[in-house]
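Chain and residue survey
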Amino acid sequence: MRVFVVVPAYNEEKTVVKVMEELFKRGFNLVVVDDGSIDETYKRAKSVIDKNGSKGFIYKHLLNRGLGASLRTGITAALLHDPDIIVTFDADGQHDPEDIKNVCRPIKNAEADIVIGKRNFDDMPLAKKLGNQIMNLITRIFYGVKINDSQSGLRAFSRKAAELININSREYGVSSEIIGEIKTKDLKLEEVPMKTIYTDYSMSKGTNTKVGLKILFKLIMNILK
Amino acid sequence: MMIYQIIGIFIGFLAIIWTILRFKKGKLSPGMMILWNLIWIVVIAVSIYPTLTSFIAKFTGIGRGLDLALVLGLLLGYYLIFKVYNKLETIEEELTDLVREIAIQNENLNVPDEKGDDKKP
């Protein structure tokens, strides 16, 4: 099974090299998308890619276009290299590479088309927990899917699912949109518990209450449009 | 004739000329050209016959002529903001498609970081 790990990275020069090396060590193929970083993310990531020959690919967004756009580029690019499974993995070091096996397993066993790693909300600080719960609620209201962790960055897609899903969001709304696509495209979803590594660095990013409210506003505007 | 009437007529005519010039340069779609000219014609008409607004106001039940003008102006303003918002969304979307396409075509290429310290060929 050819597993491609898509790593979207925006200004992650501190963590991206370590994350990439851990993934290469486990034999995965890598697709790194630098989303218009203004630090040395691309340079550092490129040097790791060059060391690993034909197992890694890197793409540069010349302008910062958001998480959703990066995931789209990553998935499109991975599909060009004949994958069996595509995994999305955050570049800030909050995921445990060991969890990739767990999210791939249901797809290998043909039990699911999309697998989402769910974080344990009890470990989360209040602001993050609230933000994520708002997003779960929004996902439920707007897309009609009940899910435990709608904003998880660790997901696995079967090739079929990756080809079918259609993403339009450019920013953090993408996570909910992917969940919505599971329903529209009639795909099978499974949630698998995963570890989250909280560092001060990874804490400063991702879904907090402010991001949650911003996404809510976007979703309402999309409906009115 | 009051000063505001003269100003209204003057601005209206200038705006019509400007709108038509923009249309001729291809910067305005025919639909928007007609819409804008209609708006400016209404501005000129109201400047010449201010009582016109009172008449329509009575007819629609809004009350005073000035109120009607404000209500219409507000609605028009909202409509235009909405149009601009949608246009901006479209442009953002197109920009994203462009950036993604370039990224995929430039697979594994040496693209310099923004700092520009990686200028190897």
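Remember, predicted model here, so these are calculated numbers, not experimental data. (Residues numbered from 1 in each chain as written. Chains lettered and ligands numbered in written order. Predicted model: local features only at pLDDT ≥ 70, side-chain atom pairs only at ≥ 80, totals over all residues.)

Description of the overall build of chain A
Counted only if it meets this: The helix count covers DSSP runs of H or I at least four residues long, the strand count covers runs of E at least two residues long, and both are numbered beginning at the N terminus. The globule rule is 2.2 Å times the number of residues to the power 0.38, and the radius of gyration it is compared with is taken over C-alpha atoms. Buried residues are those with 20 or more other C-beta atoms within 10 Å of their own C-beta, exposed residues have 12 or fewer, and partly exposed residues lie in between; C-beta atoms are placed from the backbone. In this description, a residue-residue contact is defined by the distance between C-beta atoms placed from the backbone, which must lie within 7 Å.
In terms of regular secondary structure, chain A is built from nine helices and seven strands. Against the 2.2 N^0.38 benchmark of 17 Å for 225 residues, chain A shows a C-alpha radius of gyration of 16 Å, consistent with a compact globule. For chain A, the spread of C-alpha atoms along the three principal axes comes to 45 × 40 × 35 Å. Scored against the burial criterion, the 225 residues of chain A give a buried share of 50%. Relative to all contacts within chain A whose residues are 6 or more apart in sequence, the contacts with residues 24 or more apart total 79%.

Remarks on the packing of helix α1 (residues 3-24) of chain B against helix α2 (residues 30-48) of chain B
Residue and element names in this part refer to chain B. Threshold: Lines fitted to C-alpha atoms define the axes here, with helix axes fitted over just the stretch in contact, and angles between the N-to-C directions of these axes take values from 0 to 180 degrees. Orientation categories follow fixed angle ranges, with anything under 35 degrees roughly parallel, anything over 145 roughly antiparallel, 65 to 115 roughly perpendicular, and all other angles oblique. Throughout, a crossing is termed right-handed when the near helix is turned clockwise from the far one, and left-handed when it is turned anticlockwise from it by less than a right angle.
It is at 8 Å that the axes of α1 and α2 come closest, and there the two elements cross at 165°. It follows from the interaxial angle that α1 and α2 lie roughly antiparallel. Note on packing geometry: the crossing formed by α1 with α2 is left-handed. Touching Gln5, Gly8, Ile9, Gly12, Phe13, Ala15, Ile16, Thr19 and Phe23 of α1 are Met33, Trp36, Asn37, Trp40, Val43, Ile44, Ser47 and Ile48, all from α2.

Thoughts on the nonpolar core
Under the convention used in this document: Any nonpolar core is a set of buried residues, restricted to Ala, Val, Leu, Ile, Met, Phe, Trp, Tyr and Cys, that join up through C-beta atoms within 7 Å.
Membership of the largest hydrophobic core comes to 56 residues, with the highest contact counts inside it found for Val5, Val6, Val7, Val32 and Val87 of chain A. Here this core gets six residues from one element, more than from any other, and that element is strand β1 (residues 3-9) of chain A.

A few points about the confidence of the model for chain B
All names here are of chain B. Worth spelling out the cut-off: How sure the predictor is of each residue is captured by pLDDT, a score from 0 to 100.
Overall, the predicted model of chain B reaches an average pLDDT of 83, with 91% of residues at or above 70. The spread of mean pLDDT over the elements of chain B runs between helix α3 (residues 51-60), the lowest at 81, and α1, the highest at 90. Predicted complex, confidence summary: ipTM 0.79, pTM 0.76.

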